[in-house]
Structures are given as structure tokens and as C-alpha cells.
Amino acid sequence: MRSYLVTGLLFLLACGIAGGVFVAWRYAHNPVKYPQETPELLPAALKWKKTEIGKTGSPRPRITNVQIVDFDRDGANDVLVCDPQRNAVICYRQAGGDWSEQVLANDLVVPAHATLTDIDGDDDLDVVVSELGDIWPSDEIVGRLVLLENRGSEGFQRRVLLDAVRRVADAQPGDFDGDGDVDLAVAVFGYSRGEVLWLENRGDYRFREHRLWSRPGAIHVPVADFDGDGDLDIATVISQDDEQVLAFENNGKGGFQRHVLFSSVNYDLGSAGLVLTDLDQDGDADLLLPAGDNLEENYTWPQPYHGCFWLENKGGWKFDSHRIATFGATYAAAAGDLDADGDLDVALVSLLNDWSSPANPSVVWLENDGRQNFQLLPVDSNPTHLVTVSCGDLNGDGRDDIVAGGLHVRPPYDRVGRVTAWLSQP
Amino acid sequence: MSRWQRRFAVLIGVELALGLGAAAYFVTRPKIPAVDFSQVDIEAAAVIMAHQQGMTLSRGEHWQSLARLYLGFGYLPQAEICARQAAELDPNSKDAVYLWAVTLDRLGRLDEAVDKIKQAQALGLGAASVSVRLARLELRREAADEAEQAFRQALEKDEDQMSAAVSLGRLLLLTDRAAEVEPVVRRFIEQEPRSHAPCQLMAWAEREQGRSQAAEDWLVKAEWRPSYSRFTDPLADTERWGASCGALWWVTQGRAAEAAGKEDEAAHLIQRALTLGWDEKFAIEAATLSLKNEQPRDALSMLRHVTNVAGHAPQTSFLRGEANLIQRKTNSAIDDWSESVRLRENQAAERRLAQTYRQQPEVEQEHLAKMLLATGIDACEEGDPENTAAAMTESLKLEPEQSMAWYFLGEARRVQGKDGPAREAYQHCLEIDPDHGRAREALAVLDSKPETAGESDTAESEPQ
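Residues numbered from 1 in each chain as written. Chains lettered and ligands numbered in written order. Predicted model: local features only at pLDDT ≥ 70, side-chain atom pairs only at ≥ 80, totals over all residues.

Asks: Whenever I open this one, the overall build of chain A confuses me. Can you help?
Replies: Of the regular secondary structure elements, chain A holds one helix and 28 strands. Dimensions of chain A, computed from the C-alpha atoms along their principal axes, are close to 115 × 50 × 45 Å. The buried share among the 426 residues of chain A stands at 52%. In chain A, once contacts between residues fewer than 6 apart in sequence are set aside, the share between residues at least 24 apart is 49%. (Helix = DSSP H or I, 4+ residues; strand = E, 2+ residues; numbered from the N terminus. Buried ≥ 20, exposed ≤ 12 C-beta atoms within 10 Å, placed from the backbone. Contact = placed C-beta atoms within 7 Å.)

Right under this line is the structure:
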């Protein structure tokens, strides 16, 4: 009897030890799940209805620019889109709750921005398209500025205004020499070489270029009377190697003097654009600087300095910079009265946030308390990889809506969107 | 208690102790952080999984290698955990501590990263690239003085560390010390007179000091640089190459095979990469190789996919034309080459069109002239003034009324120091296009310079 008991106990002991060893081995070789960090965000304060504009088409859409504009001047806002996958600039119009599509041109090589202006003074809106020529970093001479001349019912006639330059990112109109016609400021982004130009309108669609600055990485060239002296000045953001916002003060005759409005020694800040707005509504032209371009790495991570700066115009070419948001991989900003309280709020989108966490938003808005104190509130986390944003009233409710475009050039591809609108809801 | 009861109690006690020991081990043992394998291709996933399975959790070097693997494939938080574990297991390993710093750097945990780099340096890590990383981190913290110190430290360790010199030069410009730029970058300009970034910095420094003529001269040199490399993160994505797996690895192997003239093998390797992960740049390489191997259908299939993803582009249209030509679809090929030319000047497509129109001399000549113009622009992009000038000259002999060709000829002559011929070329350009602003500006710069004695302004090969 005893020998049976001893054998049984020894057997149990052996089983226990063997089981323990097995469990330990399994556990040691079974990777545990890494806990995801989720940001602490306040709940969304506004209600939005999300809608896709146009057909998604590609499984990995690439949109470079969206703008809410009244292109046909019918009183209802349209959405102007640059789509490099289709080599096209497209206007989406609202038609009975749906969106109709008009392709303005479909032979453009990576259109980066489309600017509306009446360049020939015939009282309709022409389109000046900045062609990158290559979406990827390149020093090749592949940029171009193309005019789509609005010929009414005959459609658009294509004219090349500037050729044989590096990648062109933006062009903005203004009469810089005071001769009554429309000249153009141009950002030639390039890669390791680039420049900022202004093109003097010589009539008959001929333009003479003048170099304002020779540095790579100019993204946008907003035009405004920054110093209130009655003529139009040009601002730009330099984002390659240096991180600077510059302005070129016009003497009224097309002569320019440079001012540094913002500068950072952080070469990795990632300036991603420059948006003209009068954020504090004091009658002068301020600027928004979204920062968070981290495309230089194959694998990216949101950085603590990403976000948005408000460059407040204090007069006399003095601009105070205020960080109004910290938001991972901020790529674009737009100002609008999103809560219809009379002040200007800001919408931000993120291109390469930490998308492994589904809670990380791709669109946020900054609620202005009326004294330019901003609170960051989420709008959505789907789609991801948003590169461009615009604000404007699309549904006619008096509150600005948000439209954003996706540039899906990096994984993950689980939340894909082409042109997405968030329409304000009561 | 009987003897057997006592024995039984001892056994129970032993089992309990073993159980408690095992439980304590489970709680305190290091854990391998899991990753989302859907982010990588299947081959890389297999390598990572094998690495995880082969881990001995008490060995720091195993944690280091897993950290590098994770870092190489973008699993940054997980890489940080592994690097931290490696550094904690082997606190005197400078490599482990530095790797931890790199992961913290990538995650934007800047203060911690700076601390760890300094710790690694204290342990004896002395490479100049480490000081450059420290300096860049200090810049990201907007600590300009500390960054300058680290850049200078890097240059003391390795005076050929161009990224340190260029970054330091920029910092000096930003802090209104333009006059100090020249000593920092002089060495690199002496080694390579048209070195891009140093020449660019010199131009900006001269401009800040009010010497616009000198600034223009430096800018021309910077514009015509032979090569340019940016600052690259030495321990970031490049670590993937050490893993010898994944799509990028096979593309690298394919490129090496192509360089060795093994085009069949190269095509096979790049297609293998494409089966692991789609990338339009790889697909264009694969299509080009398929064409070389006379497999037009493979090429067309890949080019169709590229166009769907990235839109029409001059290069893809040209390659499509080549594929159609191999299939004897000449009209389709002409359409494709014409599209390539319409989208952008493309020398290869122009050459093809010129060949196609050999029976029509005027059309052939026009395409040849444009081909040569595009060849010249390519040479310009390569920073090669001699070939730029040669191609533009030939192009202008065929079609003299090309303002763009005259402009680039002027630019090439200018960088060659032939101001007289450059001036003539700009003047020709302006005769054809009086609104050519760049030619006008360049001419103004040349006109403001005194005539250079002994200037070689032979017009031996200039078009008339």
C-alpha cells in the first residue's frame, strides 16, 4: 500500500515539475502583446457627417491638394482637387446631394496646387497649376507652371507659363509691380536646389521671371499686404535643411526686401506649409505654420515638436510665433469658423501619425476661445495619411466644414480615403 | 504525524516552493515585445519570428540584435524595449547604451536620448557620427550652443565629417555669424570645388555679408555640383540590410546583379522583391529589366500597375512604347513615346520618335534637336557642364531658335569660366525670348563683372 502511495506522490511531483517547466518554456517563448499608447483626447465637441467626395478608385489614393472655393461663382462652394494619380485637376460640384465631377485637365505631371485667378482679365476664373513633375524628392528639372485658361463653354486652354525649373509647389497671384495686371509668386521647391520667383506679367500670356530667393524647400507663397502699405508682399516657408518663414517686402514696383519672420534651429521641425489668415481678426495678415513633415525617414514617429504655429502680425514686419497645437506629423492647416461662434478656429491633418494605434486622430480642430487660446479636439481617425485640408461652408448651414485629401504612400493601408468631407451637423 | 505523512508534507512543500519560484520567474522575467507582422512582408516576418524564438532572454546581445531588427523594420517602441533590456543586462556596453539612445531618438524622447548618448560616450564610444547625432538631437531640443559644441567635437574627431561641417555652417548663419562659415567648409571646397552644400553655404554667407557678386559665383558652383549626399541616420532604416531579408534586400541584390551584367538574375531578384512588397520604383526597375530581357508582356503588366498607382509619367510612357515596339505594335509605340514627350521633354522618347520619322527629315530633325536638348538638361542635372554645352551646341545647330537651349548653353559656359561665350549665349536666348528672366539676370551678373584677362572664349564649337 505504502509503495503505491510513494509511487503516486513521486509521479505527481514529476508531473508538477514537468508541467512547470513546460509552462515556463512556453511562456518564455510566447511574445507578449506590447501595450498601445493611446493619446488622451477630449471628446469631440462638434458633430460631423463624414462623406466621400468623388469615387475612391485607387486602393491607395494620392491627393496633393484640396480647396473649398466657389469656382463657378454660383454662390455654392465647390471642391477643387489635384489628383496626381489621374494627372488631373478636378472640380467637384454639389448636385442634388451628390457630387458631379469636372476634369479641368488630365495631362498634368503631379499637380501640387491649383490657384484660381483671373489672369487675363476676362472676368472668369483661370487656373494656374503648379506641377511638381515628380512626387518623390528629386533635383531634376521637371517642374512647370501651367495655366488652364478658362474659355467658357470651350473648356480650358493649356498654356505653359514657366518651364525648365525644378519641382514647382505653389503659385499665387498679385499685382506686384503696380501695372494693373496679374503677376505670380512661385515656390520652386526642388530638393537640394530650389528658389522663390515672381513672374512679371508682360501681356499675351508671357511672363518674365525674377528670382527672389535661392533656397530649396519653398512650399507655399501666400501673398498679402503684410505691412499695410498698400502693395502686395510675398511670404514663403523654407522647409528643406533650414526651417524659416520669410517675407519679401514689396516697394510697390516689384522691388523686394527680405525679412525673416520665423526661424528655428531645429532642422527637423518639418515645416509643411504656410497658410494666410487673419486669425485674430484684427485686420492684418497673419500666418499659420503647420509643422510635422517626417517623410525623410522610412519609418516615422510623431515628434514632440510637431504641431502648428500661429505667426501673429504685430506690424512693422514683426511677427510673434505662438505654438497653438502639438499634434503628431501635422501636415496641413486651414482656418475657419467651425463652431460658428464668430472667431476663427483651425483644422489640422496628420500625414504620418502613429497609425498603429487606431485612437490616434488624423483630423483635429482647434477651438478658439475668442482670445486665441486653442483647445485641440478630435474630428476623426479615419482615413489616415491626410496631406491637405481646407475649410468652408459646403452644406450651407453657416458653419464651416472640413475637406481633406489622402496621400497613401506609406503603410498601413487599412484606413484609406481620397477626398473626404466632414460636414457640420446640428 | 506518521513517517509517510511527514514525507508527503515535505513533498508538498517542495512542490509549493517550485511553483512559487516558477511564478516569480514568470512575473519578473523579461518579455519579448510582440509586433504587428502585417506591417512587413512575409519573409521579414519569418526572420523576425525566428529571431524571437531563438532568443535567450538573459543575453544582452540577443536583445540588441532583436532591437536592431525591430528598428530596421519600423517597430520603434518595441525596439526601444529591446534596446533598454540589452542595456540593462549589460550596462557597460557602449553599443547597447547607444542603441538605446538611437531608439529613444527615433521616438522623439529627446532628453532621454541625449542622456544615453552622453552615457555611451562616457563608456568610450567616440565615433564622430555619434557626436553628429548628439548635435542633431540638441538642435531638435533647440539647444544651439550645445549643438555647436557637439558639431565641433565631431569635426575634431573626423575633419572629413561633411554633415557636421554643413550643419555647423547653417547654425552659424542662423546665429548671425556668416563670417565664420568659410573656415568650417573651406576644406570640403578645396577637395571638391563644386561641392554642393559647402558652395551653397558660402553663397548664403557671402550674401549675408553684402557681397552679392561673390554669392552669385558660389551659387553657380553649387548649382552645378557633381553629387550631393544628405545626412543619413546611420543606425535607423539601414539596419534592415543586416537582416538579409525582405523586399528592399532583394532589390539591393538585384541592383548588384544588374551592375554585374547579370540582367536575367537581376530581373528575377527584383520581381521576387515585388512579390513581397509592391513599390512603384522597384516596378519600374523590374519593367526596364524585363524589356532588356525581351519580355514585353511582363513589362507592360508592371507598367500598367505603376500607372494605376502613380499616374502617367514620361518614363512609364516611354517604357510602354518600348514594350509595344518589341511586340511590333509600332503605332502604339509612337503614341506612347508621343505621350512621354507631351508630358515632359524626354530624350529617349525623342530619339525614338526621330528614328521613327527618318523618312521625314524635318520631323526627324525637330525630334533630334529636342532629344539633344533633353540630353543637355540631363547633363545639367548631373552637374556636367562639358556634356551640357556639347549637347546644347548640337541641338542648336539643328534648331537655332530654342531659347532654352541657348540659356543652358550660357549656364554651362558660365560654370566653365567662359564668360564671353556665356554672355553671347544669354544674348541669343534673349533675342529669341526677351522675357527670359533667368538669362537676363545671368547676363546682368556677367555684365557687372570686369572682363577676365586670358579668358578662354573660343567659339570653336559654338553654334552660329
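Having put the structure on the table, let's press on.
Asks: Hey, could you run me through the interface of chain A and chain B in this one?
Replies: How big an interface is tends to be stated in terms of the accessible area lost upon association of its parts. Taken together, the contact pairs 58 residues of chain A with 58 residues of chain B. Mapped onto the side of chain A that touches chain B, the elements with two or more residues apiece are helix H1 (2-29), strand E13 (207-213) and strand E17 (256-264) of chain A. Examining the composition of the side of chain A that touches chain B, we find that eleven residues originate from one element, H1(A), more than from any other. The residue makeup of the side of chain A that touches chain B, split by class, is 25 nonpolar, 16 polar and 17 charged. (Nonpolar A, V, L, I, M, F, W, Y, C, P; charged D, E, K, R; others polar.)

Asks: Please explain the packing of helix H18 (residues 314-326) of chain B against helix H20 (residues 347-356) of chain B as it appears in this structure.
Replies: Two measures define how a pair of helices packs: the angle their axes make with one another and the distance between the axes. All names here are of chain B. Viewed as axis vectors pointing N to C, H18 and H20 meet at an angle of 35 degrees, and their least axial separation amounts to 9 Å. The chirality of how H18 crosses H20 is left-handed. Counting all contacts with H18, which are made through Pro314, Phe318 and Gly321, the residues of H20 involved are Ala348, Ala349 and Arg352. Classifying every residue of the contact of H18 with H20 by side-chain character gives four nonpolar, one polar and one charged. (Axes fitted to C-alpha atoms, helices over the stretch in contact; angles between N-to-C directions. Left-handed = near helix turned anticlockwise from the far one by under 90°.)

Asks: Would you mind going over the confidence of the model for chain A with me for this structure?
Replies: When the pLDDT values of chain A are averaged, the result is 91; 91% of them are 70 or greater. Residue range residues 30-39 of chain A is modelled with pLDDT below 50. Its contacts to residues more than four positions away, or to other chains, number 18 contacts. (pLDDT = per-residue confidence, 0-100.)

Asks: Which parts of the structure should I look at to understand the pairing of strand E12 (residues 195-201) of chain A?
Replies: In regular strands, side chains alternate between the two faces of the sheet. Residue and element names in this part refer to chain A. Counting buried positions along E12 yields six of seven residues, so the element is predominantly enclosed. As paired strands, strand E11 (residues 183-188) and E12 are joined by five bridges and run antiparallel to one another. Bridge assignment links Ala185 to a residue of E12, and that residue is Trp198. In this structure, E12 lies alongside E13, joined through six bridges in antiparallel fashion. When the sheet's bridge partners are listed, Glu200 is paired in E13 with Arg208. Connecting E12 to the next strand, E13, in antiparallel fashion are five residues, including Gly203 with a positive phi near 85 degrees. (Pairing = 2+ DSSP bridges.)

Asks: Quick question: what am I supposed to make of helix H4 (residues 76-89) of chain B here?
Replies: Helical periodicity: at 3.6 residues per turn, an α-helix aligns residues three or four positions apart in one direction. All names here are of chain B. With 14 residues, H4 extends 20 Å between its outermost C-alpha atoms, agreeing within 8% with the 20 Å of an ideal straight helix rising 1.5 Å per residue. H4 sits mainly inside the fold: eleven of its 14 residues count as buried. In this fold, the buried residues of H4 make contact with helix H3 (60-72) and helix H5 (94-106). (Expected span 1.5 Å × (residues − 1).)

Asks: Quick question: what am I supposed to make of the sheet that holds strand E20 (residues 307-313) of chain A here?
Replies: In a beta sheet, neighbouring strands are held together by backbone hydrogen bonds and run either parallel or antiparallel to one another. Residues and elements named next belong to chain A. The strand order across the open sheet formed by four strands is E18-E19-E20-E21, and the pairing between neighbours is antiparallel. Here the strands that pair on one side only, and so sit at the sheet edges, are strand E18 (275-277) and strand E21 (319-326). With strand direction ignored, the average angle separating the axes of adjacent strands in the sheet is 25 degrees. As judged from the three bridges shared by E18 and strand E19 (residues 286-291), these two strands associate in the antiparallel manner. Each residue of the ladder has a partner; that of Thr277, found in E19, is Asp286.

Asks: What am I meant to see in the pairing of strand E7 (residues 126-131) of chain A here?
Replies: Residues and elements named next belong to chain A. Along E7, six of the six residues are buried, which leaves the element largely enclosed by surrounding structure. The side-chain alternation of E7 yields two buried faces, one formed by Asp126, Val128 and Ser130 and the other by Val127, Val129 and Glu131. Two strands pair when backbone bridges link them, and strand E6 (residues 111-117) and E7 are joined in this way by six bridges, in the antiparallel orientation. Note that in E7 the partner of His113 across the bridge is Ser130. In this structure, E7 lies alongside strand E8 (residues 143-150), joined through five bridges in antiparallel fashion. Across the sheet, Val129 pairs through a bridge with Val146, a residue of E8.

Asks: Looking at this structure, I do not really get helix H7 (residues 128-140) of chain B. What am I missing?
Replies: All names here are of chain B. Over its 13 residues, H7 runs 19 Å from end to end, which matches the ideal 18 Å to within 8%, given 1.5 Å per residue. Taking burial as the measure, the 13 residues of H7 include eleven buried ones, the bulk of the element. Looking only at H7, the buried set comprises Val130, Ser131, Val132, Arg133, Leu134, Ala135, Arg136, Leu137, Glu138, Leu139 and Arg140. Packing partners of the buried residues in H7 comprise H5, helix H6 (110-122), helix H8 (144-157) and helix H9 (162-174).

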